[in-house]
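The residues making up each chain are set out below.
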Amino acid sequence: MRPGFFLAEALRSIRANAAISIAATVTVLIAVFILGAFIPSFLYVQNTVDQQKDKVDINVFIADSATVQQVNGLQRNIDGLREQGLVRESTYVSKDDALADLRERLRDPSVLEELPSNPLPASFNVLPADPGQSQQIVVALQGHPAVDADLGISFASDTADRLLTVARVIQYAGGALILVLLVASILLIGNTIRLSFVARRREVEVMKLVGATNWFIRWPFVIEGILFGLAGATVAVAMLFGIKVLVVDSWAADADSALTRNDAGTIGFLALAAILVAAGAIVGALGSGITLRRFLRV
Amino acid sequence: MVIFDGVRKVYGQDSIGLDRLSLSIEHGEFVFLVGPSGSGKSTFIRLLIKEIEADEGTITVGGRNLNSMRRGRVPYLRRSIGCVFQDYKLLPGRTVHDNVAYALQVTGETPRGIRRKVPEILSLVGLSEMAQRLPDELSGGEQQRVSVARAFVNHPRLLIADEPTGNLDPDTSIGIMQLLYRINRTGTTVIMATHDREMVDKMQMRVVALDHGRLVRDQRRASYSRADVGAARTPPAG
Ligand SMILES: Nc1ncnc2c1ncn2[C@@H]1O[C@H](COP(=O)(O)OP(=O)(O)O)[C@@H](O)[C@H]1O
Ligand SMILES: [Mg+2]
């Protein structure tokens, strides 16, 4: 009986202060909308960077003209580096392996059928024991006759480092933005509840005179705050869903049709919606809860 | 039921609410609290429900010491005391029914109990027909009846009324007075602050008179002022 009664009391109050209620709902809507747009983008960047981080390997490209002896010599050099503890692992990737790899990464491998011959070089894929020592490995292998003069040796550790820095900046900036937005929504809901409370100050005094406990008076206001949070979040989720269907999905389709596929995933929409609605409810509860703590001394 | 022992309440620097008042009211009594405006009647009543706290002395209500009562217990104290005020203090956006029901809801009464008790009490105060009206659709006397109904719906052992007829015309006042008297006859202690001389004279109940926060008279079967004391005190012939 109690929850029903408190809900009815909350709805009574919302009806009595319609304008203020709409303002509070719109506030949450904006905050949750931005939060909802940010979370997937943030996760996408994060995942992309994570993938790059794994790619600290070194590719030693082998010239098509290299002889078997030369390639074996290169292999011995790499084995030597392993014995020194610089290299953790190395794999020989033949021209056919390279082509098969590419075929797997392409959305439409049929473009490869038209090639007259395999243009991809064979290579040694070398994993450094410590990515920071990549440069040493490169220096040791550079200039070997088996190494392709044009392609040389490529390693991604610089790019990975830079991406990592960018990701960290995005992480902090994004976290700060989300924090500011959530705090702003909490304060705005708190303010709305305060106005609603002040508007009913005399009523609250009467309630206390007939023996209502503080929590009996507070619950409807807390529920009122939660309803603002839920309503704002629900509308924001609906808007985000519209944007996803109309804009993002078609972008993603375009991106997919491009030559390579990026399989850095992001969050599913249902999970996102659940998080956002929960965030709205929590923001509403906190906003009203914090405000009401200051009121209602018997 | 109510014991005031040396109770003093000072508001500002010179504003004395009550000055070392000692007084005892037994269970089931009907007491008029009289005195000119500013004599401390409202202060007495606000102390009783712990809306304000005494600076000196002790207050006991129904065996509970209000001085040492924790804040959290105050709502429970108030549920055991029915309150009626000069300005009715009804909840404006709620119907007569909902106003009375609220006093039950704060105690956790079931919807079933509410459906039974509210019509019962509204019929007692003669407002059965007006259950769905809002307070501003009622006359002053009717609003005060709602307030009495709300105060009595939990059947408290103590009912206090601060100038309940202060805003009402004499005929309407008599109706409210009769209602309070009937409530007293059910065994409920009633304390009524008033300066309605005619009413007090007619009822011949215990009169506690205050002046400048001091007890100046406490007399059974009395009239409003001391001038009439002789008549009231005349022993029954014979
Ligand atoms: N909130 C207050 N602040 C300052 N003085 C007050 C306050 N309430 C009452 N008083 C003073 O206390 C005295 C008693 O007031 P009150 O109990 O309201 O008297 P009554 O109800 O008999 O008219 C008066 O002198 C009044 O001015
Ligand atoms: Mg008064």
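Keep in mind it's a predicted model, so treat the numbers as computed, not measured. (Residues numbered from 1 in each chain as written. Chains lettered and ligands numbered in written order. Predicted model: local features only at pLDDT ≥ 70, side-chain atom pairs only at ≥ 80, totals over all residues. Heavy atoms only, no water.)

Undergrad: Sorry if this is basic, but what is going on with the domain arrangement of chain A here?
TA: When the parts of a complex come together, some accessible area is lost, and that lost area is often used as the size of the interface. Domain assignment breaks chain A into domain 1 (3-52 + 163-295) and domain 2 (57-155). Computed over C-alpha atoms, the centres of domain 1 of chain A and domain 2 of chain A are 51 Å apart. (Domains from an automatic or database assignment.)

Undergrad: Hey, could you run me through the sheet that holds strand β2 (residues 87-93) of chain A in this one?
TA: Hydrogen bonds between backbone groups are what pair the strands of a sheet, and the pairing can be parallel or antiparallel. Residue and element names in this part refer to chain A. Strand order across the open sheet formed by 4 strands is β2-β3-β1-β4, with antiparallel pairing between neighbours. Among the strands making up the open sheet, the edge pair consists of β2 and β4 (153-155). The average undirected angle you get between the axes of adjacent strands in this sheet is 20°. As defined by bridge partners, β2 adjoins strand β3 (residues 122-128) across 6 bridges and the pair is classed as antiparallel. Each residue of the ladder has a partner; that of V93, found in β3, is S123. Across the sheet, helix α6 (residues 134-141) touches β1 (58-62), β2, β3 and β4, and the angle it forms with β4 is around 175°. (Pairing = 2+ DSSP bridges. Helix = DSSP H or I, 4+ residues; strand = E, 2+ residues; numbered from the N terminus. Axes fitted to C-alpha atoms, helices over the stretch in contact; angles between N-to-C directions. Contact = heavy atoms within 4.5 Å.)

Undergrad: I'm lost on the nonpolar core in this one. Help?
TA: Across soluble globular proteins, you tend to see nonpolar side chains buried next to one another. Residues and elements named next belong to chain B. Counting 43 residues, the largest nonpolar core has F30, F32, V100, L122, L159 and L180 as its most contacted members. Lining this core are residues from two domains, each supplying at least three of them: domain 1 (1-80 + 156-238) and domain 2 (89-155). The residues touching L122, leaving out its near neighbours within four places in the chain, are V96, H97, V100, L127, S128, A131 and A149. (Core = buried A, V, L, I, M, F, W, Y, C linked by side-chain atoms within 4.5 Å. Buried < 20%, exposed > 50% of the residue type's maximum accessible area, 1.4 Å probe, protein only.)

Undergrad: Would you explain the packing of aromatic side chains in this entry?
TA: Aromatic ring pairs are described here by two measures, namely the spacing of the ring centres and the angle between the planes. For the structure shown, the criterion picks out 11 aromatic pairs over all chains. Aromatic ring contacts, followed pair by pair, group F5, F6 and F216 of chain A together with Y102 of chain B into a single cluster. Here K9 of chain B stacks its cationic end above the ring of Y11 of chain B, 5.7 Å away from the centre of that ring. (Phe/Tyr/Trp six-rings, centres within 6.5 Å; stacked < 30°, edge-to-face > 60°. Lys NZ or Arg CZ within 6 Å of the ring centre and 35° of its normal.)

Undergrad: Could you clarify how one ought to interpret the domain arrangement of chain B in this entry?
TA: Residue and element names in this part refer to chain B. The domains assigned to chain B are domain 1 (1-80 + 156-238) and domain 2 (89-155). For the pairing of domain 1 and domain 2, the buried interface totals around 1,100 Å² over both sides, and the portion due to carbon and sulfur atoms is 71%. When residues of domain 1 are sorted by the area they lose upon contact with domain 2, R79, P156 and L179 head the list and together hold 45% of the total. Linking domain 1 with domain 2 are 0 salt bridges, by the criterion used here. (Buried area = accessible area lost by both parts, 1.4 Å probe. Salt bridge = Lys/Arg side-chain N within 4 Å of Asp/Glu carboxyl O.)

Undergrad: Whenever I open this one, helix α3 (residues 68-83) of chain A confuses me. Can you help?
TA: Turn by turn, an α-helix covers 3.6 residues, leaving residues three or four places apart pointing in a common direction. Residue and element names in this part refer to chain A. Over its 16 residues, α3 runs 23 Å from end to end, which matches the ideal 22 Å to within 8%, given 1.5 Å per residue. Regarding α3, the residues found buried are V71, G73, L74, I78 and L81. The buried residues of α3 occupy an angular sector of 155° when projected down its axis, which confines them to one face. Those residues of α3 that are exposed and aimed more than 90 degrees away from the buried face are V68, Q69, R76 and E83. One or two residues past the end of α3 sits G85, with phi positive at roughly 90°. (Expected span 1.5 Å × (residues − 1). Arc of directions from axis to C-beta.)

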